[in-house]
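Residues per chain are reported as follows:
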Amino acid sequence: MSERTTCVIVGGGPAGMVLGLLLARGGVEVTVLEKHSDFLRDFRGDTVHPTTLQLLDELGLGERFARLPHTRVDEISFPKDGGGQLVFVDLKRLRVKHPYIAMVPQWDLLDLLAIAGRDEPRFTLRMNAEVTSVLRDGDAVVGVRYRDRTGAGEETEIRADLTVAADGRWSAVRAAAGLAPRETPVPFDAWWLRLPRRPEDEIASLRPNAGAGQLAVAIPREGYFQIAYFALKGIDAQLRAAGIERFRERIAECLPVLADRVDQLASMDDVKHLDIRLNRSPARQAAAVSRGRTSFCVAAQVASARIADPRGPAGGSVVVIPCMCRVIRHVN
Ligand SMILES: Cc1cc2nc3c(=O)[nH]c(=O)nc-3n(C[C@H](O)[C@H](O)[C@H](O)COP(=O)(O)OP(=O)(O)OC[C@H]3O[C@@H](n4cnc5c(N)ncnc54)[C@H](O)[C@@H]3O)c2cc1C
């Protein structure tokens with residue numbers, strides 16, 4: 001089977017969905033291909049930052065977003081030796097409409113964007129559509145081939161004036177197009193885990209706690225805390241070799257208030273490693289696979305951007321704006 005559109009976007013994450021919505025509203029025919037059947041992902045983005053909240057307002061989605069169940073964080077502080085708190089980030093000082101981080105599971109945000117997309121006649125979202133390869137005309141990328149994961153795995157070709165790879169940090173489409181991202185070194189990694197949350201717990205907001213070479217953040221969720229543990233990059237194998245008992249101690253050192261329940265971590269299988277990467281594909285590489293009105297852009301993950309600048313947008317949003325500029329240049 002063969003289809004045609006103006007812009008095909010691979011990946012229905014925050015980057016692909018926002019870009020698709022913006023283009024559709026700008027009059028561009030867009031098809032977003034997402035390989036999963038829904039947006040549910042374990043341990044994904046939760047923090048929606050002031051600039052992203054502003055973007056949602058500009059998209060006319062601010063009120064709908066505000067109705068999603070969420071908590072707000074306007075301050076990040078560390079406990080000081082001898083008592084008291086050292087305020088590390090005070091978002092209340094920002095002169096913006098939303099001077100806080102809204103804690104919303106990423107799937108709720110993506111559902112909201114998908115629902116908004118239904119109002120746009122030029123926006124098509126295909127779920128269960130896994131891109132398997134790129135289509136080429138000579139050196140130029142002119143679309144993709146995707147597999148329907150619901151039925152017999154039927155393959156469809158979709159040709160487009162513009163193909164956007166928004167398939168995340170390990171973008172297979174980017175690799176298939178021969179684009180190599182430029183890496184910026186990041187000295188730390190994250191490990192994600194869950195611990196039970198009890199009604200009497202007083203931790204109502206993000207409370208980072210640092211120890212020697214390590215830091216943990218407890219994010220309150222319905223019935224549990226999602227814990228992000230940060231330590232030096234490259235020590236995952238070492239942590240696993242040291243075993244769950246030592247890891248429980250590390251969490252208890254960083255978050256003493258949760259020490260009474262670290263035994264809920266049964267094994268290191270309950271601890272998910274996130275290799276934090278900061279990279280981008282140079283514009284000239286994208287130009288190298290462009291020809292005439294046919295182009296190729298990348299909107300891959302830059303997760304740690306939000307850690308470097310917590311006032312900034314979530315990772316996905318960082319790349320949407322430059323990507324939009326390239327899209328507009330090539331489609332017009
Ligand atoms: C454990 C973890 C915790 C995080 N916590 C936060 C946080 O608290 N706050 C925050 O702002 N950010 C957080 N992030 C980062 C945030 O999730 C990313 O910045 C953001 O999701 C990147 O958006 P994206 O659209 O570029 O990529 P992704 O969200 O990775 O989306 C890519 C999409 O492409 C789809 N896809 C992949 N391959 C194909 C294919 N072949 N065909 C079709 N579809 C495909 C995937 O299914 C996915 O839906 C976290 C990330 C991780 C991994």
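An unreviewed UniProt entry lists the protein under the name FAD-dependent oxidoreductase, from Nonomuraea diastatica.

(A) Spotlight on the overall build of the protein. The helix and strand tally for the protein stands at ten helices and 19 strands. Looking at the 332 residues of the protein, the share that counts as buried comes to 51%. Put simply, of all contacts in the protein between residues at least 6 apart along the chain, 70% involve residues at least 24 apart. When the accessible surface of the protein is split by element, carbon and sulfur atoms take 52% of a total near 15900 Å².

(B) Up close: the packing of aromatic side chains. Across all of its chains, the model carries three aromatic pairs by this definition. Aromatic pair Phe188 and Phe230: ring centres 6.0 Å apart, planes at 80°, arrangement edge-to-face. In this pair, Phe188 sits in strand 13 (residues 188–196) while Phe230 sits in strand 16 (residues 224–232), placing the two residues 42 residues apart along the sequence. Given a relative accessible area of 22%, Phe188 falls into the partly exposed group. One aromatic cluster is present, formed by Trp191, Tyr229 and Phe247 through successive ring pairs. A cation over an aromatic ring shows up here: Arg194 above the ring of Tyr224, its NZ or CZ 4.7 Å from the ring centre.

Cut-off values and rules
- Residues numbered from 1 in each chain as written.
- Predicted model: local features only at pLDDT ≥ 70, side-chain atom pairs only at ≥ 80, totals over all residues.
- Heavy atoms only, no water.
- Helix = DSSP H or I, 4+ residues; strand = E, 2+ residues; numbered from the N terminus.
- Buried < 20%, exposed > 50% of the residue type's maximum accessible area, 1.4 Å probe, protein only.
- Contact = heavy atoms within 4.5 Å.
- Areas by Shrake-Rupley, 256 points an atom, 1.4 Å probe, with all protein chains shown as cover.
- Phe/Tyr/Trp six-rings, centres within 6.5 Å; stacked < 30°, edge-to-face > 60°.
- Lys NZ or Arg CZ within 6 Å of the ring centre and 35° of its normal.

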